[in-house]
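A closer look at the structure
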Amino acid sequence: MSLTIHNASSANALFLEAASDFLRLLDVTLEHKPHFDVALSGGSTAKEFFRILAHTASGHRNIERIRFFFSDERVVPLANVDSNAGSALRLLLEPLSIDVSNFFPMYDGTRSAELSASSYENLLRNSLANDNSGLPVFDLIYLGLGQDGHTASLFPHSHLIRNIDNDKRLVVVTSEPHIAYERITLMPRLINNSKNICIMATGESKAKVVDNIINGPLMPESLPAQLVLRNVSGQVTLMTAKMGDVLKIT
Ligand code: 6PG
C-alpha cells in the first residue's frame, strides 16, 4: 500500500505524534474487532516512546482491550534492564495499570530461546486474526532502526538474513558474535503482513543510513530494514526526528 515519511521537529514531538496516532488507531480498530493487537519494539527509542505513551494514554477508555506482543527480544530475564518486554512492562503497562493477561513477552526465562520462539509463533497463529493465507495479522507493529540498517533483530550479513528467502518460520532465534545477547525476532513475512507498521528513528547518527535505506540501491542483506521499508505491502510510516538535512524526503 504506501510508505509515509514523517520528519518531526524534535524527538519529543515525534513521540507525542506517535502516541496520538496510536490512540486514534486503537479506537478505530476496536470499532470492528475485540482487541487491538500491537507488537512493541525495543531499544532506547522505544523506551522514550513508552514513557510518553504511558502519559498520553492515561485514562483512555480502551486501553484494557490492547494486547501487547513484541517485534523482537533479547534472550535475558524480564527483570534485566535490557529486556524489551521487561522495559515495556515497567515503563508502559505498569504505569497504566494494564493487566498482565494482555502482556505476551517473547522470552521470560522459563524456557529455552528455541522453544520460546516456536511457542510464540504458535501463540500468534492461535491468538491473532489470520489472513486468507493463514498468516497472523497484527493491527500495528512498532520497529526501531539501528545505525547499521537493522530493524527488529534482523541484522546485516547475518546467517538469518542470508537465508531469509528459504526460511518459512515466522519467529526465529538469531545470534551474531558482535551482537549483544541471543535474540528472538519476528520475520519480515510476518512483519509486512501487519495492517500498520511504524518505524521510529531519531538523531543525526541515523540520518545517513535512513537515507540509504529509503533512497539508495536495494540491498537488503546489507540494510535489512529495506525488507520492510522498501516492501510497503502494508501501511508503513517512518517517523524521524533530529535528522538534520541529510535525509532527503522525496
Ligand atoms: C532491539 C531492537 C532494535 C532497536 C534498534 C534501535 O531489541 O534492540 O528491537 O531493533 O529497535 O536497534 O535501537 P535504539 O532505539 O536504542 O537506537
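See the structure above.
The structure reproduced in this document is the subject of the present report. (Residues numbered from 1 in each chain as written. Predicted model: local features only at pLDDT ≥ 70, side-chain atom pairs only at ≥ 80, totals over all residues. Heavy atoms only, no water.)

**Section: the sheet that holds strand β3 (residues 66–70)**
Our working definition: Pairing between strands is defined by DSSP: at least two bridges between the two strands are required. Comment: elements are numbered from the N terminus, with helices defined as DSSP H or I runs of at least four residues and strands as E runs of at least two. Every angle, taken between N-to-C directions, lies between 0 and 180 degrees, and every axis is a line fitted to C-alpha atoms, over only the stretch in contact when it is a helix. Residue contacts follow a heavy-atom distance rule, with two residues in contact if any of their heavy atoms lie within 4.5 Å.
Spatially, the six strands line up as an open sheet ordered β1-β11-β10-β7-β2-β3, and their pairing is parallel. The open sheet is flanked by β1 (2–8) and β3, the only strands paired with a single partner. Across the sheet, the mean angle separating the axes of adjacent strands is 20° when strand polarity is ignored. Examined bridge by bridge, strand β2 (residues 36–40) and β3 share five bridges and lie parallel to one another. From the neighbouring strand, Phe 36 faces β3, where its bridge partner is Ile 66. Sheet strands in contact with helix α1 (residues 11–29) are β1, β2, β3, β7 (140–143), β10 (196–202) and β11 (235–241), and its direction is about 170° off that of β10. Sitting on the sheet, helix α7 (residues 207–215) is in contact with β1, β10 and β11, with an inclination near 155° to β11.

**Looking at the side chain of Asp 139**
How we decide: What qualifies as a polar contact is a pair of N or O atoms within 3.5 Å, subject to a donor-acceptor requirement within protein and to the restriction that residues adjacent in sequence count only when both atoms come from side chains.
You can see Asp 139 is positioned in the loop between β6 (136–137) and β7. A polar contact is formed between the side chain of Asp 139 and the backbone nitrogen of Asp 37, at a distance of 2.8 Å. The contacts of Asp 139, once residues within four sequence positions are left out, are Leu 25, Thr 29, Lys 33, His 35, Phe 36, Asp 37, Ser 194, Lys 195 and Asn 196.

**Quick word on the pattern of salt bridges**
This is how it is decided: We count a salt bridge whenever a side-chain nitrogen from Lys or Arg sits within 4 Å of a carboxyl oxygen from Asp or Glu. Exposed residues in this analysis have more than 50% of their type's maximum accessible area, buried residues have under 20%, and partly exposed residues fall in between, with area computed by a 1.4 Å probe over protein chains only.
Enumeration over the complete set of coordinates arrives at 10 salt bridges. Of the charged contacts in the structure, one is a salt bridge between Glu 121 and Arg 125, with a shortest N-O distance of 3.2 Å. In this pair, Glu 121 and Arg 125 both sit in helix α4 (residues 113–127), four residues apart, roughly one turn of the helix. We classify Glu 121 as buried; its relative accessible area is 12%. A salt bridge links Lys 195 to Asp 139; the nearest nitrogen and oxygen atoms lie 3.7 Å apart. Placement of the pair is Lys 195 in the loop between α6 (188–191) and β10 and Asp 139 in the loop between β6 and β7, with a sequence separation of 56 residues. Judged by its relative accessible area of 2%, Asp 139 is buried. Taken together, the shared-partner salt bridges in this structure form one network comprising Lys 33, Asp 37, Arg 67, Asp 139 and Lys 195.

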